[in-house]
Amino acid sequence: MTKADLIAQVAKKAGLTSKAAKDAVGAIFSTVSDAMKRGEKVVVTGFGTFMVRKRASRKGRNPQTGAEIQIPATKTPGFTAGKSLKRQVK
């Protein structure tokens, strides 16, 4: 499902115009993104939790030269599905 498909489904199920559904979906994604930028986790009860995960720095190898390099620590977005979503998918 693409973002356009999601917008169409939201418009159909909520009885909204396509533009209103596009604004609503955009607002949700924007709000989740902004909260994660601040390092907060977003819990949607029954659906799941969006959080920022931290990856520690580690050693790696350059595949072309075989030289050992240091890979810096990073933050990555993460999602953990809630119980209800897990049951629905089974």
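Caption draft 1: Structural context of the sheet that holds strand β2 (residues 48-55). Pairing in this open sheet of 3 strands is antiparallel, and the strands run β1-β2-β5 from one edge to the other. Both outer strands of the open sheet, β1 (42-44) and β5 (74-81), are each paired with one neighbouring strand and no more. Strand-to-strand, the axes of this sheet are offset by a mean angle of 30°, without reference to chain direction. Sheet topology note: the β1/β2 ladder contains 3 bridges and is antiparallel. Each residue of the ladder has a partner; that of Val 44, found in β2, is Gly 48. Helix α2 (residues 18-37) contacts β1, β2 and β5 of the sheet and is inclined by roughly 35° relative to β2.

Caption draft 2: The arrangement of the pairing of strand β3 (residues 58-61) in detail. Note that β3 and strand β4 (residues 68-71) share 4 bridges and pair antiparallel. When the sheet's bridge partners are listed, Lys 59 is paired in β4 with Gln 70. Between β3 and β4, which pair antiparallel in sequence order, lie 6 residues; one of them, Gly 66, sits at a positive phi of approximately 80°.

Caption draft 3: Up close: the side chain of Thr 49. You can see Thr 49 is positioned in strand β2. Accessibility expressed as a relative area gives 17% for Thr 49, which makes it buried. Excluding residues within four positions of it along the chain, Thr 49 makes contact with Lys 41, Val 42, Val 43, Gly 78, Phe 79 and Thr 80.

What counts, and at which threshold
- Residues numbered from 1 in each chain as written.
- Predicted model: local features only at pLDDT ≥ 70, side-chain atom pairs only at ≥ 80, totals over all residues.
- Heavy atoms only, no water.
- Pairing = 2+ DSSP bridges.
- Helix = DSSP H or I, 4+ residues; strand = E, 2+ residues; numbered from the N terminus.
- Axes fitted to C-alpha atoms, helices over the stretch in contact; angles between N-to-C directions.
- Contact = heavy atoms within 4.5 Å.
- Buried < 20%, exposed > 50% of the residue type's maximum accessible area, 1.4 Å probe, protein only.

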